[in-house]
Structures are given as C-alpha cells and as structure tokens.
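For reference, the chains in residue letters:
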Amino acid sequence: MSFDVLIVGIGGQGTILTSNILGEACVIEGIHVRGAETHGMAQRGGSVESQIRIGQEYGPQIAPGTADLIISFDLMEAARYCHYLKKGGFIFTSQEYVVPTSVFTQDFPAPDEHMIMGLIGDYKVIVVEARRLAEEAGSILTQNIVLLGAASSHLPLQEQSLRDAVSRTVPKKTIELNLKAFDLGRAVCSTH
Amino acid sequence: MVVKYLLGNEAIAHGCLEAALDTAFGYPGTPSSEVIDTLRTWPDRQSYVEWSVNEKVAYEEALASSWCGMRSIVTMKHVGLNVAADPLMTSAYTGVKGGFVVMSADDPFAHSSQNEQDSRCYAAFARIPCLDPSSVQEAHDMVRDAFSLSEEFLLPVLFRPTTRICHSKSDVTLGEVAALDRQASFEKDPRQYVVIPAHTRVLHKQLNEKQASLKKRLVESGYNRSTIRGKIGVITGGIAASYVHEVVSDSVSIAHIGAYPIDEEWLSGFIRSHERILVVEELAPVIEEVSRQVAGLVPILGKKTGHVPYEGELSPSRVAQYLKAADIPVKLDYPVIQPPAGLPVRPPILCAGCMHRTAMYAIRKVFRDGIFPSDIGCYTLGLQLGVVDTTICMGASITVASGMAQAGEKHDIVCTIGDSTFLHTGIQGLLNAVYNDANITVVILDNRITAMTGHQPNPTTGVTASGVERPAVSLEMLCRSCGVSFVETVSPSDLVQFTGVLKDAKARKGVKVIIAKQPCVITERRAKINRGKYRVSSDICIGCKACIKFGCPAIELHSGIALITDLCSGCGVCTQICPVSAISLEVKE
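Worth saying up front: this structure is predicted, and the values here are computed from it rather than measured.

K.L.:
How should the overall build of chain A be read in this particular structure?
P.N.:
Helix and strand counts for chain A come out as eight helices and six strands. Ordered by position in the sequence, the α and β elements of chain A form the string β-α-β-β-β-α-β-α-α-β-α-α-α-α. Relative to the globule expectation of 16 Å for 192 residues, the C-alpha radius of gyration of chain A, 16 Å, shows essentially globular dimensions. Expressed as lengths along the three principal axes of its C-alpha atoms, the size of chain A is roughly 50 × 40 × 35 Å. Going through the 192 residues of chain A one by one, you find that 57% of them count as buried. Look at the contacts in chain A between residues 6 or more apart in sequence, and 63% of them connect residues 24 or more apart. For chain A, the exposed surface amounts to about 7500 Å²; the carbon and sulfur share of it is 50%. Separation between the mean location of the 15 positive side-chain charges and that of the 21 negative ones in chain A comes to 5 Å.

Here it is, written out as structure tokens:
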C-alpha cells in the first residue's frame, strides 16, 4: 500500500514544483514513488491536480475515496477534490480562493467561504493562512511551500529529506526563502 | 547507475541519450513535447535537435538522417502521426539504416486533444514494430532498446507512450549517457530508396517476410510475457497493465503485451491454458482482435462484449470495476463516491493580458453575425468568447473558412490561426484560398512562439531549438507571396486601430490577412517586462459589466462594482473598453 497525496490548485500556482519536492524526497529515502500531473491545455488558469503515490510500484493514479492527504492551494479547489480523500485523511488548504472567471462571464452563482466549507463538510480540513506566512517568509510565491511545510508532519517522510528536497528543487537563489516558508508552515501546523 | 525522480518524457529523452542518439526532430504536441525540450536543453549536448515546422517535415528529416547511418528519433502526438502518415507508410518499405524511432504519444481521455485515436493501429497498418510501455521505467528502457531493434530489422520502430506515461513521474534507474562517434554517410541504393513500382513490389514482399521473425523476437525480448496462476486470465498492455497488476487477485493469470506485432502462437498458448480471458486495454481493441483470432473455443471478454469501454482512459478503480463485472477476483476494492456538486467550473482560460482575447473581442464586435472557423492552439480557448465556431486539426481554419465561402455561405467568414499553426499547415490553405478567390478574412494570431505546448520556438521566434539566433520569418512577405494583396500587421492592444483594420477587411472582397502581432504575455513575464497594474476607481465605476464581458481573469465583480486583482499583467486594454474611464494605471505611493 502506498501513501497517496493529491496536490490541487490552479494552473501556475506551483503544483508541479511541489510534487517534484515530494518525489525528490522519496528518491532521497530510497522509496518507490509514482506521480501524475496536468500539462498543456488544462494548465492555463484551469483547475489542476498532481497525484503522488509514496511507496507505490504500479500506476500513478489515485482513486476517489482513497487519498491519504490533500494539499490545496485554493479553498475552492479543496472542495472540488475533497471526495478523493479517504476516511480519516486530512486536507491542508490555503484560506484564499480565486473566483473562476466563469462566475462572471456565465453568471454562475459565486460561492462564498461559508458555502465552500459546507461542501467540504465532514472531511478533516486545516485552513492555513498561506499568503500571510509566505509574505512573512519573503515572497508570496512561496505559498505552495508554506502548505507543504504545514502538511509535512503528516507525510511518511523525514523532515530532513523534505528540506533537502526543497533545496535541490527550487531555484538556487530562492533556497533560503523557501526553507523559511517550509519552516513557517510546519510550525503553524505542528499542533494538528 | 543513478536513480532520479523524472517525468516520463524526461526519462524517454535520457533513454535516447543512453542509446547514443545522433539526431532528433519533432513538432510540439501535448503529451509528447518534453522529449525534444529535454534533449534541446541538455547540457553538453552532442546530438542535433530541431523543432520542425510540422510532423511530416520532421519525419522525413529523421528518416533521411537514419539513411545516413545515424540514430534518429522523430517525436509527435497521435494526431501529428496523421500528418506524417504519408512517409510512415512508405518508410516501412524502404526500411532504415541507423536506428529510427517514431515516438507518437497517445492521449486516452483526450486530456488535451481533438480525438482519441490509437497509434498502435498505424503500426499495424504500416507493418512496423510498436513498443508500448506500461511504466516510466519501462518507457526509458524500451526507447533505449528500440534503436537496436530498428537496426536489427532495418525498420522504423513506433514507440507509443500515453499521457499517463509521458506526464507521470517515478523514480527511474538511469544508465550512462553515451558518447557519439558516428559520421553521416549516405550510400546510394536506388532499389532501396526509390519507390518506383518495380522496386516497391520487391520491397513490399521483403517487409512481409520480416513479420514472422519480428514476432518471435518480441517474445524473446521479454516485452511480451505471461504468468500462469489459475484458470482465468487477463491480457493487458500499456499503462492499463500497471492498473491490472495493482488490483487483480494473485490467483489470476496475466499476459502482458508490451510490443507488437504479437506472436499468435505464443498468445494462443496462453489463452488456451485458460477457461476464460478478459482483455484490458485503452482505446482500440488491438490486443483483443488478435486474441479472438487465436482463441479457439476460449471465450474472450473485452470491448466487443461490453466489458471494457472503447473510449476514455482506464484507472485502477475502473479496472477493478470491469474485472468484477467479468467475475474476476480483485484484491483491492474502491468506494463509490460522488464529487461535490454546485461549484462553478474552472476550465482553462486565456491568460490575463493575453492579446488573443483582445483580438477575438474586436472580431466579435466588428463581425457580429460572422462565422468563425479556428484552429489548434491557445486561441482555441476563445471558444468561451464565442469566436471559435469550428476546430478540426492543425491548419484547418483557413481551409474550413474558404470551403464555407466557396459553398456560398453569405455571412462574413473570419478565421483565426496561430503563427506556429500557420507555418505547420496553414500556408497551403492560404495559397489555395487566394488562388481560387475565396471571400474570407484570415487573422493570424502572431505571438512569435508555440505557447500552448510549453513555449517552443518556431520560425517566427527568431531562435532555433538549440538557442541559435536566426532571422525570423516574415509572415507579411509569406502572405504576399501567396498572392494576398490586403496584408495588415497591427497589435490588438490598440483596440481602435485594430478594429479599424477589421472594418477595412470587412468592406473588401477576396482574401484579407490581418496579422495580429503581439508577444505572448508569459514570454513577457519571463523576460521581466513589467507594465504595472491597473485599478478601478470604485466611485466612477457604474457597474455596467463592459469589462466583465471582456472575460479577463483579472477582472472580478464585487457588490456590483468591478475590481482588478493581482493577476493583472498591465495590458491596459480594459481602459479602452470602460465607457466611463473608471480604469487607470495604479500609481504606487
């Protein structure tokens, strides 16, 4: 059995980079890993997902109802994918959400935070102030790493391998910034 | 040996380098593009790497390279193989010299494609071997071995990964990158390379004679293998094999097909050791049809019996469902869960500040009752703006437009096509439309890059795949040399001027070409071009929604008043749309 993680968000928010960090950490620890991600058309500001199966030797796809953990960079996307979570799994999500353009151009009803939380329902969700913490780390572009840090104590991977994987994966000039973001995220959620 | 966490396409590129690849040609297409992108950015690269203008061009160059004794790959997606089908068929007759691999990446579920065709059918049609990996590691190993297989049988080898191989990742064990030592040298042999009928008849016979030993060789290679464990068997291949291995009970036999053509005798031996067989494969029933031919009295379940669907992609949970329906035991069971309802959709959309949106907005304003054939690229997303009425394949916007015009359609016909797509197969449609005097307006959306597939350079970019600067092709001169007299180049960001040119075109007969030229907004961001951000003065905004209807993802409506978000890239087009001048450049205090 593998430990299955779904990373969701909007194209351009860093889902692929975050999944690369998890994959790299697995290679550091010598654990088999499989991942699947969204490329091409779906990336242009659309809803995207990355699937990472830690300790898996077969295929990369996670079935609905079986994911151990969801990391979401947008509150609305957390709701869109929450049914992938298994009973007892956790969702770590950003507090903020981008309203899809379809709401305005096609007159969809705009959901508010209350309604989104209602859709997530009974799933165990931990809402992280990712933007504020990323700003504190030094760049709002590190929100994905804040969330990875927040979820890190729930992953079957050593903290040190994750930090090493961050260093190996992000652009060289931003290593310190990203490690700070990781630590801030991890500190906030160490209590969960 | 080193273990890395790699994308399928990166692992495939590395396999090529381990096989001492000399030349690589391709046309970008999701999910195939990262193979050439990895090769072209490889540090200390020795091989020649090229983004060609279309798949037929790329195929013929790669074939010629192989005829000179070089190991060569040509990459494309499944629909690109249609463009290259002409040389594919005949190259099976002429054969090859240096190892020649044709990578055609299939896209079950059409994640980013116009259809779900199966490249394995092309391999069978051309009678060439096809290798079909079931994992990233196998894709790496297979493509490396494909070059020697090609040299052993002197045939092109079709290599067919699918989206869940190309765009999936795994820990991959890699070998050493090999040094190159071959020299290109073409040895003349007209009986081999000139397919006049007298030669062709001989070559066709030789191609057919290779088939029997090829089938045996693919079983010996271990790519077609089986394990007998009980009275019920599953035959599978490609990524579906990994799902079957994950979910099926240990009491069920498995035959794993990794290479085609399948040796019928071997397959028959497996099938006839069982009471019942289910075939699990994505897309076309290629394995199933061979199985049925050799099954004797053993029942074969699969697509033809309704146990597995013809369309879409498989997954572990779907495979478990199909196994159970065929009364085959599984070791994993999956809950049936409904996704939450009521969330607004978030489909892919043109970027904030993308000038394609502005061009399409203006087209819709000027040609209210127009018909809008379009093509394949980012701008296909203009569907949401109501300016994409048809999309078939690369190059089919100008031809569809002229076909409608020649049929006598009375409405204005305005087609859109991107720069890369125009160079791919758009030119032929343009010169045909001019020569036959169609009455259409062609808008070439020229952002100087192949943006949708990951910003690959094309001849309008002014830089090659290897990063060498070259004079960019002049679309104006190309269009004029096709015989177009109305050719206007204008940036859509100046809405007034752009709209004026559209009105000029509307007033004239014949083929009119407007080159809507503007850099891609992502290219600009990477070049650190910062045009600031715009803001709405809430006391001036009257909530008329004119800017909202523009469809820019950076503009939202809150309590009836427009608001510009952080996504704003500073194109400023919304200032030209707002009727009360409520939008202005943000001034930092």
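K.L.:
I keep staring at the UniProt feature "binding site: [4Fe-4S] cluster 1" (unreviewed entry) in chain B and nothing clicks. Help me out?
P.N.:
Residues and elements named next belong to chain B. Taken from the UniProt record, the annotation "binding site: [4Fe-4S] cluster 1" (unreviewed entry) applies to C541, C544, C547 and C578. For the annotated residues, spread through 38 residues, the largest C-alpha to C-alpha distance comes to 10.5 Å, consistent with a single compact locus. Residue placement: C547 occurs in helix α21 (residues 546-550). A relative accessible area of 9% places C547 in the buried class. On the secondary structure map, C578 appears in the loop between α22 (573-577) and β22 (583-585). Exposure remark for C578: the relative accessible area of 15% places this residue in the buried category.

K.L.:
Explain the sheet that holds strand β11 (residues 253-257) of chain B here, please?
P.N.:
Remark on secondary structure: sheet strands pair via backbone hydrogen bonds, oriented parallel or antiparallel. Residue and element names in this part refer to chain B. Strand order in this open sheet of five strands is β9-β11-β10-β13-β14, and the pairing throughout is mixed. Either end of the sheet is taken by a strand with one partner, and the two such strands are β9 (224-227) and β14 (300-301). Direction of pairing for strand β10 (residues 232-237) relative to β11: parallel, over a ladder of five bridges. Bridged to G237 within β11 is I257. Here helix α13 (residues 286-294) sits on the sheet and contacts β10, β11, β13 (276-280) and β14; the angle it forms with β10, its principal contact strand, is near 135°.

K.L.:
Where do I start with the pattern of salt bridges in this structure?
P.N.:
A side chain with one charge can pair with a side chain of the opposite charge if their charged atoms come near. Residue and element names in this part refer to chain B. Applying the stated rule across the entire model yields 40 salt bridges over all chains. Among the salt bridges present, the one from K215 reaches E264, with a minimum N-O distance of 3.2 Å. Of this pair, K215 sits in helix α10 (residues 197-220) while E264 sits in helix α12 (residues 264-271), placing them 49 residues apart in sequence. Note on K215: relative accessible area 15%, which makes it buried. Take E264: its relative accessible area is 28%, and that puts it in the partly exposed class. Salt bridges here are not isolated pairs; linked through shared partners, they connect D106, D118, R120, D132, R160 and E281.

K.L.:
Looking at this structure, I do not really get a positive patch on the surface. What am I missing?
P.N.:
Together, K365(B), R368(B), K503(B), K506(B), K545(B) and K549(B) give the surface a local cluster of positive charge. Its place among the elements puts K545(B) in the loop between β19 (534-536) and α21.

K.L.:
Hey, could you run me through the state of the cysteines in this one?
P.N.:
In protein chemistry, a disulfide is the covalent bond that joins the sulfur atoms of two cysteines. Residues and elements named next belong to chain B. Per the counting criterion, the structure on display carries zero disulfides over all chains. Take C378: it sits in no disulfide, and the sulfur closest to it among the cysteines is that of C520, at 6.6 Å. With relative accessibility at 11%, the residue C378 sits in the buried group. The thiol sulfur of C520 is not disulfide-bonded, and the nearest other cysteine sulfur, from C351, lies at 6.4 Å. For C520, a relative accessible area of 9% corresponds to the buried category.

K.L.:
Would you explain the UniProt feature "binding site: [4Fe-4S] cluster 2" (unreviewed entry) in chain B in this entry?
P.N.:
Under the feature "binding site: [4Fe-4S] cluster 2" (unreviewed entry), the UniProt entry names C552(B), C568(B), C571(B) and C574(B). In sequence the annotated residues extend across 23 residues, while in space they remain close, none of their C-alpha pairs exceeding 10.7 Å. Relative to the helices and strands, C552(B) resides in the loop between α21 and β20 (555-558). Dropping the residues within four chain positions of it, C552(B) is found in contact with T101(A), A352(B), G353(B) and R357(B). Note that C571(B) resides in the loop between β21 (561-564) and α22. Not counting chain neighbours up to four residues away, the residues in contact with C571(B) comprise G353(B), M355(B), R531(B) and Y534(B).

K.L.:
What exactly am I supposed to notice about the interface of chain B and chain A here?
P.N.:
In many analyses, interface size is given as the accessible surface area lost on bringing the parts together. With 55 residues of chain B at the contact, the number on the chain A side is 57 residues. The contact between chain B and chain A buries some 4500 Å² in all, and 61% of this surface belongs to carbon and sulfur atoms. Joining chain B to chain A, the criterion identifies six salt bridges. Where chain B meets chain A, there are 20 residue pairs in polar contact (both at pLDDT 80 or more). Elements supplying a minimum of two residues to the side of chain B that touches chain A: β1 (2-7), β8 (168-174), α11 (239-247), α14 (316-325) and β20 of chain B. When residues of the side of chain B that touches chain A are assigned to their parent elements, the largest contribution, five residues, is made by α11(B). Taken together, the residues of the side of chain B that touches chain A break down into 31 nonpolar, 13 polar and 11 charged. Judged from the three bridges that link them, strand β2 (residues 33-37) of chain A and β8(B) form a sheet pairing that is antiparallel. The residue of β8(B) that forms the bridge with G35(A) is K169(B).

K.L.:
For this particular structure, what's the right way to read the domain arrangement of chain B?
P.N.:
Residue and element names in this part refer to chain B. Domain annotation of chain B identifies domain 1 (2-221), domain 2 (224-326), domain 3 (355-527) and domain 4 (534-585). Relative placement of domain 3 and domain 4: their C-alpha centres are 27 Å apart. Each partner contributes to the interface: domain 3 provides 11 residues, whereas domain 4 provides 10 residues. In this assembly, domain 3 packs against domain 4 so that about 760 Å² is buried in total across both faces, 63% of it on carbon and sulfur atoms. For the interface between domain 3 and domain 4, the tally reads zero salt bridges. Where domain 3 meets domain 4, there are three residue pairs in polar contact (both at pLDDT 80 or more). For the side of domain 3 that touches domain 4, the leading source of residues is helix α15 (residues 355-366), giving five residues. Residues that form the side of domain 3 that touches domain 4 fall into these classes: six nonpolar, two polar and three charged.

K.L.:
Would you mind showing me how to read the nonpolar core here?
P.N.:
Nonpolar side chains in soluble globular proteins tend to end up buried together. Residue and element names in this part refer to chain B. The biggest cluster of nonpolar side chains holds 100 residues, and the ones touching the most others in it are I73, L131, F159, I235, L267, I271 and I328. Both domains that furnish three or more residues to this core are identified here as domain 1 (2-221) and domain 2 (224-326). Of all hydrophobic cores here, the second largest spans 83 residues; its members include C351, A352, A433 and A582.

Calculation rules
Residues numbered from 1 in each chain as written. Chains lettered and ligands numbered in written order. Predicted model: local features only at pLDDT ≥ 70, side-chain atom pairs only at ≥ 80, totals over all residues. Heavy atoms only, no water. Helix = DSSP H or I, 4+ residues; strand = E, 2+ residues; numbered from the N terminus. Rg over C-alpha atoms; globule rule 2.2 N^0.38 Å. Buried < 20%, exposed > 50% of the residue type's maximum accessible area, 1.4 Å probe, protein only. Contact = heavy atoms within 4.5 Å. Areas by Shrake-Rupley, 256 points an atom, 1.4 Å probe, with all protein chains shown as cover. Lys, Arg positive; Asp, Glu negative; His and termini not counted. Charge placed at Lys NZ, Arg CZ, Asp CG, Glu CD. UniProt positions renumbered as here; feature names shortened; annotations may be inferred. Pairing = 2+ DSSP bridges. Axes fitted to C-alpha atoms, helices over the stretch in contact; angles between N-to-C directions. Salt bridge = Lys/Arg side-chain N within 4 Å of Asp/Glu carboxyl O. Patch = residues over 30% accessible without salt bridge, like charges linked within 9 Å, V, L, I, M, F, W, Y side chains within 5 Å. Disulfide = S-S within 2.5 Å. Buried area = accessible area lost by both parts, 1.4 Å probe. Polar contact = N/O pair within 3.5 Å; in protein donor to acceptor, adjacent residues only side chain to side chain. Nonpolar A, V, L, I, M, F, W, Y, C, P; charged D, E, K, R; others polar. Domains from an automatic or database assignment. Core = buried A, V, L, I, M, F, W, Y, C linked by side-chain atoms within 4.5 Å.

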